[in-house]
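Each chain, written out:
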Amino acid sequence: MKNAIIVLTLVFALNIAFAQKPLESYVPVLENTLKKSIQVDPQKGYAMHQAKPNIYVLTDGVWQSLVVVTGEGVVLVDAPETLGANIQKAVAEVTKQPIVTLIYSHGHTDHIGGSKHLKDVPDLEIIALEGVADFLREKKDPRRLLPTKTFEGAYVLRKGDKQIDLSNPLNFHSNEGDLFVSITEDKFLMVVDVLAPGYVPFKNLDLSNNIHEYLKVFDQILAYDFDVFVGGHLTSIGDRSDVLETRAYV
């Protein structure tokens, strides 16, 4: 027992030492990645970028949310915790239409923990996979509003002049379920926490819970017809070449 305590104490001390050691060198972000990044005004704290007609990517530089203006209200995909307080203000910059629907890409707090800021939106429809809904009901987290509509497998949301296809071909990142969000007519695809265009995957392959499934996700993505890809993080949006490049890297 005494030896175990000594070992743990040494490990703790080493962790503190490494944590305090200043970064002596680093590889800067590639210039071509910076050039295609959405510029975020630090004073404002977010940027709204039009990716397609009536389809916007809202970002704070680290997380991304999708804003789709349909003619019958605004559909959001995800409400990141860091963006939550600015979502309604950002939406009002591009449309007078109210927010009517929120879709959860998956259940992780960093991507949907800002939904608490939408709790006063009248009659807000929140769509999620059944597995995600079960998980959130169990967690009882006030930051993550409970879904009002759930499904398994696939769901087609028709709102105004937009058709948004939701599918769950595999669970590569979260155990509860991961969504592919496709707007086929606009050749647009959003799959969260699989890749960030211009960057290598985040540590441990985006903290994915199932690497066997993760290795399959790129072919699943490439089966879609799209020319704009949104991955949920950082400020760049991508295309098929970014998916191919990340697949090759992995």
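Use the structure listed above.
As the structure is a computational prediction, the values presented were derived from the model and not from experiment.

## Overview of the pairing of strand β2 (residues 55-59)
- Here β2 lies mainly inside the structure; 5 of its 5 residues are buried.
- From the end of strand β1 (residues 47-52) to the start of β2, which pair antiparallel, there are 2 residues, and Asn54 there has a positive phi angle of about 65°.
- Pairing of β2 with strand β3 (residues 64-69), which is carried by 5 bridges, proceeds in the antiparallel orientation. The residue bridging Tyr56 from the neighbouring strand is Val67, located in β3.
- Hairpin remark: β2 followed by β3, antiparallel, with 4 residues in the connecting loop; positive phi at Gly61, about 105°.

## Re the packing of aromatic side chains
- Going through the model one piece at a time under the given rule, you end up with 4 aromatic pairs.
- Considering the side-chain rings of Phe180 and Tyr224, the 5.6 Å spacing of their centres and the 40° angle between planes classify their relative orientation as tilted. A residue pair is termed long-range when its members are at least 10 positions apart, and Phe180 in strand β10 (residues 180-183) and Tyr224 in the loop between α7 (211-222) and β12 (228-230) qualify at 44 residues.
- Assessed through its relative accessible area of 0%, Phe180 is described here as buried.

## Notes on the pattern of salt bridges
- All chains considered together, the criterion is met by 14 salt bridges.
- The partner of Asp227 in a salt bridge is Lys52, with the nearest N and O atoms 2.7 Å apart. Taken together, the positions of Asp227 in the loop between α7 and β12 and Lys52 in strand β1 put the pair 175 residues apart, joining distant regions of the chain.
- In this structure Asp227 comes out as partly exposed when scored by relative accessible area, which is 36%.

## Examining the layout of surface pockets
- A volume near 640 Å³ is recorded for the largest pocket.
- Ala196, Tyr199, Val200, Pro201 and Phe202 are the residues nearest the centre of the largest pocket, which is lined by 30 residues in total.
- Listed by contribution, the elements that provide at least two residues to the lining of the largest pocket are α2 (31-35), α6 (203-207) and α8 (240-249).
- It is α8 that provides the largest number of residues to the lining of the largest pocket, a total of 4 residues.

## Some details on the nonpolar core
- If you look at the biggest cluster of nonpolar residues, it comprises 50 residues, and the most contacted ones within it are Leu76, Ile87, Ile99, Ile103, Leu118, Ile164 and Phe188.
- When residues no more than four places from it in sequence are discounted, the contact partners of Ile87 are Leu58, Leu76, Ala79, Ile99 and Leu118.
- Judged by nonpolar contacts, the second largest core, of 15 residues, contains Leu170, Phe172, Phe180 and Leu222.

## Here's the deal with the environment of Asp41
- One can find Asp41 in the loop between α2 and β1.
- Given the relative accessible area of 40%, Asp41 is considered partly exposed.
- For the pair Asp41 and Pro80, spaced 39 residues apart in sequence, the C-alpha to C-alpha distance is 18 Å.

## Quick look at the packing of α7 against α8
- As a packed pair, α7 and α8 sit with axes 10 Å apart at the nearest point and diverge in direction by 160°. The orientation of α7 relative to α8 falls into the category roughly antiparallel. When you trace α7 past α8, the crossing you get is left-handed. Contacts from Phe218, Asp219, Ile221 and Leu222 in α7 reach Arg240, Val243, Leu244, Thr246 and Arg247 in α8.
- Along the lines of polarity and charge, the residues of the contact of α7 with α8 split into 5 nonpolar, 1 polar and 3 charged.

How each quantity is defined
- Residues numbered from 1 in each chain as written.
- Predicted model: local features only at pLDDT ≥ 70, side-chain atom pairs only at ≥ 80, totals over all residues.
- Heavy atoms only, no water.
- Buried < 20%, exposed > 50% of the residue type's maximum accessible area, 1.4 Å probe, protein only.
- Helix = DSSP H or I, 4+ residues; strand = E, 2+ residues; numbered from the N terminus.
- Pairing = 2+ DSSP bridges.
- Phe/Tyr/Trp six-rings, centres within 6.5 Å; stacked < 30°, edge-to-face > 60°.
- Salt bridge = Lys/Arg side-chain N within 4 Å of Asp/Glu carboxyl O.
- 1 Å grid on protein atoms, 1.4 Å probe; cavity = no way out; pocket = protein on both sides within 12 Å on 5 of 7 lines; lining within 4 Å.
- Points joined across faces, edges and corners; volume = space filled by probe spheres on them.
- Core = buried A, V, L, I, M, F, W, Y, C linked by side-chain atoms within 4.5 Å.
- Contact = heavy atoms within 4.5 Å.
- Axes fitted to C-alpha atoms, helices over the stretch in contact; angles between N-to-C directions.
- Parallel < 35°, antiparallel > 145°, perpendicular 65-115°, else oblique.
- Left-handed = near helix turned anticlockwise from the far one by under 90°.
- Nonpolar A, V, L, I, M, F, W, Y, C, P; charged D, E, K, R; others polar.

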